[in-house]
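Per-entry structural report
Spelled out, the chains give:
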Amino acid sequence: MWKQTLLGALMLCALGQAAAQQAAAPPPQYDSVLASSLGADERGMRPYVFVILKTGPSKMPEGAERTKMFQGHFSNMARLAAEKKLVMAGPLDGVEGRRGIFIFATPDIDEAKKMVATDPVIINGEMVAEYHKLYGSAALMMVNDVHNKIRKK
């Protein structure tokens, strides 16, 4: 019985010490320059436009033209990302025709529509776009910079 009591007391001491260390940890440091550069509000958030790319009415058949269209799609995304307009993009699983996403660094759906209209998959009718306003972490603005540091090709 005394062994169980001792074990319980030791566990309580260990938990208390861990809680004290956690409480003593300094809070995250607010960086006003970084927040401003990312367009963050007081919550560290900002508005975006979230776009879902869905299968369009005109599937281009396999071949050189389709390959060229998708090369243009990837080049267009790279250009918009380099301009700090496209925050994130990626493919989806295709369920219910949903094929990909874009997140644009704008609160304006009409501005996002103009950017999407430059994409060859939209121009050719391979995909259509659905637009939504999104309020998310301003840290998303750093995704492309970090991604470029971790990709090998």
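Structure shown above.
Residues numbered from 1 in each chain as written. Predicted model: local features only at pLDDT ≥ 70, side-chain atom pairs only at ≥ 80, totals over all residues. Heavy atoms only, no water.

Moving on, we come to the layout of surface pockets. Taken as a whole, the largest pocket holds about 600 Å³ of empty space. Together, 25 residues line the largest pocket, and Met-77, Ala-78, Leu-86, Ala-89 and Asn-144 are the ones closest to its centre. Every element with two or more residues in the lining of the largest pocket is listed here: α3 (64-82), β2 (86-91), β3 (98-104) and α6 (143-150). Each residue belonging to the lining of the largest pocket can be placed in one class, and the counts come to 15 nonpolar, six polar and four charged. (1 Å grid on protein atoms, 1.4 Å probe; cavity = no way out; pocket = protein on both sides within 12 Å on 5 of 7 lines; lining within 4 Å. Points joined across faces, edges and corners; volume = space filled by probe spheres on them. Helix = DSSP H or I, 4+ residues; strand = E, 2+ residues; numbered from the N terminus. Nonpolar A, V, L, I, M, F, W, Y, C, P; charged D, E, K, R; others polar.)

Okay, unusual backbone geometry next. With a phi close to 65°, Lys-84 is a non-glycine residue in the positive phi region. The partly exposed category is assigned to Lys-84, whose relative accessible area is 44%. Positive phi, normally seen in glycine, also occurs at Glu-96, with a value near 55°. A relative accessible area of 65% means that Glu-96 is categorised as exposed. (Buried < 20%, exposed > 50% of the residue type's maximum accessible area, 1.4 Å probe, protein only.)

Here we take up the pattern of salt bridges. In a structure, side chains of opposite charge can pair up when their charged atoms sit close to one another. Inspection of every chain in the model, using the stated rule, returns nine salt bridges. For Arg-66, the salt bridge is made with Glu-126, and the minimal N-O distance between the two is 3.0 Å. You can see Arg-66 sitting in helix α3 and its partner Glu-126 sitting in the loop between α5 (120-123) and β4 (127-137), a full 60 residues away along the chain. Each of the two residues, Arg-66 as well as Glu-126, counts as buried. In this structure, the salt-bridge partner of Glu-126 is Arg-99, at a minimum N-O distance of 3.1 Å. (Salt bridge = Lys/Arg side-chain N within 4 Å of Asp/Glu carboxyl O.)

Summed over the entire model, instances satisfying the criterion amount to one aromatic pair. Pairing Phe-102 with Phe-104 gives two aromatic rings, centres 5.5 Å apart and planes at 70°, and the pair type is edge-to-face. The pair formed by Phe-102 and Phe-104 is uniform in burial state, with each residue classed as buried. (Phe/Tyr/Trp six-rings, centres within 6.5 Å; stacked < 30°, edge-to-face > 60°.)

Taken in spatial order, the four strands make up an open sheet running β2-β3-β1-β4, and their pairing is antiparallel. Edge strands, defined here as strands with exactly one partner in the open sheet, are β2 and β4. The sheet shows a mean angle of 20° between the axes of neighbouring strands, direction not considered. Bridge count between strand β1 (residues 45-55) and β4: 11 bridges; the pairing is antiparallel. By the bridge assignment for β4, Val-49 is matched with Lys-133. In the packing of α3 onto the sheet, the strands contacted are β1, β2, β3 and β4, and the crossing angle to β3 comes to about 25°. (Pairing = 2+ DSSP bridges. Axes fitted to C-alpha atoms, helices over the stretch in contact; angles between N-to-C directions. Contact = heavy atoms within 4.5 Å.)

No statement about biological role is implied by the geometric values presented.
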